[in-house]
Every structure is written in C-alpha cells, then in structure tokens.
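Coordinates in review
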Amino acid sequence: MKAIKTYSQKPTEVDRQWYVVDAKDVVLGRLSTVVANYLVGKHKPTYTPHTDGGDHVIVINASKIRTTGNKLTAKSYYRHTGYPGGIKSRTLAEQMAKDPREVIISSIRGMLPDNKLRNGRLARLKVFSGEEHTHEAQQPRSLEVNGEIEEKARS
C-alpha cells in the first residue's frame, strides 16, 4: 500500500493572482464573504490554514452597494476618541455618505479570521468608490458576485 502524504503549502510556493470585483448592486454581505474567501485563499486547491496563500482583490463601485432590510438606519459604526465619554457612532447611511470604502473594509475585516495573518490579507484588499482603479498594470481578472462565483478572464 502506498501512503498518502498531506500537502502543506509553504510561503515561497504561493502564486498570487489579481481579481477585480464590481460592487454595483451587490449585497454587502455576499460581496464580503466572496472577497474574504479570495483573500484567505480558500478557492485554491493548495489552501493551507497556517499560510497566507490568498490573492489580491480590487473592489470598484463601493459607493453603489446594496443592503437588505433596514440596515441603512439600524446598523451603527462605533469609534472611541480615547477620552472618557468619547464614544461616537454613525449609522450605515452616514458612513456611506462620508466614506463608502470603510464600510466594505470593515465588513470584510470582520469576516477574516482573527489571527496574525489578518493584516497582511487586508493589505491585499484595494477598494475604490468609483469605476476607475489604479491597478490596470496587474491585469486583474474579473469576478462576478451574483449568488455564484464566476471567474472570467478580463479582456
């Protein structure tokens, strides 16, 4: 009988791709789960939990995302100034008006595992409010997020 060996990816063997996701009319949670899976590298057959084998993801049209229910008024974002009584809060609608990129980054950050690899994974996430992005030189592939993930070669 032949023994089956378990494969464990090493950091030097990681092959990173670039993907671009159009967030126009995509539900925030669905977008975040797909992007988080690509940042972690779970879509690859060489996925190893303790190695950062994920890809680069570019999100465009961040200002045009959709939400379900009454999240625009009910969901709150909190921050603290560091002084006593210094807690500040904003609704999702106020945060979208101020900086829609932070809404997507915060949502994806919450879906990534809370370990030492999280900051490196978030560094590979690029979010833009409009249609244009500055990473055309990397020739990113297109990802469609509509219930199913369909990978398309960008032409």
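Each chain has its residues counted from 1, following the order in which its sequence is written. Totals for whole chains, interfaces and linings use all residues, but because this is a predicted model, local features are given only for residues with pLDDT of at least 70 and pairs of side-chain atoms are given and counted only at 80 or more. Side-chain metrics in this entry use all non-hydrogen atoms of the structure; hydrogen atoms and water are not considered.

Let's shift gears to the environment of asparagine 37. Segments assigned H or I by DSSP are reported as helices when at least four residues long, segments assigned E as strands when at least two residues long, and all are numbered from the N terminus. Along the chain, the position of asparagine 37 falls in helix α1 (residues 28–40). Judged by its relative accessible area of 34%, asparagine 37 is partly exposed. The spatial distance from the C-alpha of asparagine 37 to the C-alpha of leucine 112 is 8.3 Å, given a sequence separation of 75 residues. Ignoring anything within four residues of it in the chain, the contact list for asparagine 37 reads Lys42 and His43. Per-residue accessibility, obtained with a 1.4 Å probe over protein chains only, is compared with the maximum for each type, and a residue is labelled buried under 20%, exposed over 50%, and partly exposed between these values. In this analysis, two residues are considered to be in contact whenever any of their non-hydrogen atoms come within 4.5 Å of each other.

Further remarks concern the pairing of strand β4 (residues 87–91). By definition, two strands form a pair when at least two bridges between them are found by DSSP. Bridging between strand β3 (residues 76–80) and β4 involves five bridges; their strand directions are antiparallel. Residue serine 76 lies in a different strand from β4, and its bridge partner there is threonine 91. Hairpin geometry of β3 and β4 is characterised by an intervening segment of six residues between the two adjacent antiparallel strands and by a positive phi of about 100° at glycine 82.

Let's shift gears to the layout of surface pockets. Over the atoms, a rolling probe the size of a water molecule traces out where space has been left empty. Grid spacing is 1 Å over the protein atoms alone, the probe is 1.4 Å, and a cavity is where that probe fits but cannot get out, while a pocket is an open set with protein on both sides within 12 Å along at least five of seven lines and lining residues have an atom within 4 Å of a point. Grid points are joined across faces, edges and corners, and a volume is the space filled by probe spheres set on the points. Its volume calculated, the largest pocket comes out at about 170 Å³. Taken together, 15 residues line the largest pocket, and the ones lying closest to its centre are Leu28, Gly29, Lys71, Lys75 and Ser107. With five residues, helix α4 (residues 100–111) is the largest single contributor of residues to the lining of the largest pocket. For this scheme, ten residues count as nonpolar: Ala, Val, Leu, Ile, Met, Phe, Trp, Tyr, Cys and Pro. Four count as charged, namely Asp, Glu, Lys and Arg, and the remainder, Gly too, count as polar. Tallied by class, residues from the lining of the largest pocket come to six nonpolar, six polar and three charged.

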